[in-house]
Amino acid sequence: MQNAAFAANGVDAVYELRPIESSEIESFFAEARSPEFLGFGVTAPYKQLAMRHLDVIEPGASAIGAVNNGVRQDDGALIGFNTDASGFLSAVEAMGKSAAGRPAVVVGAGGAARAVVWALLDAGAESVFVSNRTIERARDLAESLSSHGEIVPGPLTGPEMARAMGSASIAVNATTVGMTTDGLAFDVRPLGEDALVFDLVYVPPDTPLVRAATARGLAVCNGLEMLIRQGEIAFERWTGIGSTADIMRDALYEWDPQLRPEEN
Ligand code: NAP
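Residues numbered from 1 in each chain as written. Predicted model: local features only at pLDDT ≥ 70, side-chain atom pairs only at ≥ 80, totals over all residues. Heavy atoms only, no water.

A.B. asks: Give a description of the sheet that holds strand E2 (residues 56-57) that names residues and reports values.
C.D. replies: Overall, mixed pairing links the four strands, which are arranged E1-E3-E4-E2 in an open sheet. Only two strands of the sheet have a single partner each, and these edge strands are strand E1 (39-41) and E2. Looking at chain direction, E2 and strand E4 (residues 78-81) are connected through two bridges and run parallel. In the sheet register, isoleucine 57 faces E4, and the bridge partner there is glycine 80. With respect to the sheet, helix H9 (residues 223-239) is in contact with E1, strand E3 (69-72) and E4, its orientation differing from that of E3 by roughly 10°. (Pairing = 2+ DSSP bridges. Helix = DSSP H or I, 4+ residues; strand = E, 2+ residues; numbered from the N terminus. Contact = heavy atoms within 4.5 Å. Axes fitted to C-alpha atoms, helices over the stretch in contact; angles between N-to-C directions.)

A.B. asks: Got a sec to walk through the site of the ligand? Specific residues and values, please.
C.D. replies: As a matter of local geometry, the ligand sits amid 21 residues, with Ala112, Asn132, Thr134, Arg137 and Gly223 nearest to it. Between the ligand and glycine 111, the relevant distance is 3.1 Å, taken from an oxygen atom to a main-chain nitrogen or oxygen of the residue. With respect to the ligand, the side chain of arginine 133 contributes an N or O atom lying 2.9 Å from an oxygen atom. The protein chains hide 77% of the 930 Å² of surface that the ligand would expose on its own. Secondary structure elements with two or more residues in the shell around the ligand: helix H5 (111-122) and H9. A total of three residues in the shell around the ligand trace back to one element, the largest contributor, which is H9. A breakdown of the residues in the shell around the ligand according to their chemical character gives ten nonpolar, eight polar and three charged. (Near = heavy atom within 4 Å. Polar contact = N/O pair within 3.5 Å; in protein donor to acceptor, adjacent residues only side chain to side chain. Areas by Shrake-Rupley, 256 points an atom, 1.4 Å probe, with all protein chains shown as cover. Nonpolar A, V, L, I, M, F, W, Y, C, P; charged D, E, K, R; others polar.)

A.B. asks: Provide a residue-level description of the packing of H9 against helix H10 (residues 245-255), including the pertinent values.
C.D. replies: Their axes nearest at 9 Å, the elements H9 and H10 cross at an angle of 130°. Judged by the angle between their axes, H9 and H10 are oblique. Crossing handedness for the pair H9 and H10: right-handed. In contact with Leu224, Glu225, Leu227, Ile228, Arg229, Gly231, Glu232 and Phe235 of H9, H10 contributes Ala245, Met248, Arg249, Leu252 and Tyr253. Considering only residue class, the contact of H9 with H10 consists of eight nonpolar, one polar and four charged. (Parallel < 35°, antiparallel > 145°, perpendicular 65-115°, else oblique. Left-handed = near helix turned anticlockwise from the far one by under 90°.)

None of this, on its own, says anything about what the molecule does.
Here you go:
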């Protein structure tokens, strides 16, 4: 999708996939400082480790504790930032929804959940209930982001979770459930009728959660729009060119027709 945006905007650049070992990280970031680089993207498992090799880490990324993109300055300095959080919020906005002034629920306590919880609080959510299979990880997340707002850790099921769901404006699946396993990430029945169900998973695009929320008539967004929006934000930081989401979406649909909603 990045290459489609480069081509459509006449930018002479290529987005290249580099599988690297952890021993190669230092040399990778040394190379990324050279003039032919606009910037870089980094994904699991290097979103934390990358931070040690950068000159500046923007406040959002530093609060989240992970960098997923960066831009090279003219002097070769590398600035790291996190577009998962801003991409998530941009996708929520594109659905005509807002997190402001209402509680939210996030299921999961890994790297993506951290970005989403931070984003929800940044967007003015009243509180975030973080439920996770391993409750200690939910407690750790709540503690480490506590200066940004009210975060309540809890289990995946039970009355506390049902209460939190009942008042949530947005309920997010930030686990791998639906991608690596075919289960339902959470029960959508306790949600109010105006709630948005946001599944970070995008392969497959129609997870059991997406199907259950759609069957209940709720607003639903899968992870594809967040993937596109975070890519659009990074692209703008590298090139100064915005509004590439439509080009990126079309490129993804062309790459895998199954991702197109009407194909499901
Ligand atoms: P991660 O750090 O490995 O965290 C995985 C989370 O899933 C943990 O909370 C884990 O719970 C939970 N989990 C795994 N298997 C489970 C199960 N069987 N039942 C209940 N919970 C389970 O992964 P991540 O990087 O945060 O990514 C999470 C998801 O977000 C992935 O599907 C990823 O593809 C997606 N994502 C999407 C975007 C996007 O742009 N759309 C961006 C980033 C990530 P425990 O703590 O108990 O192990």
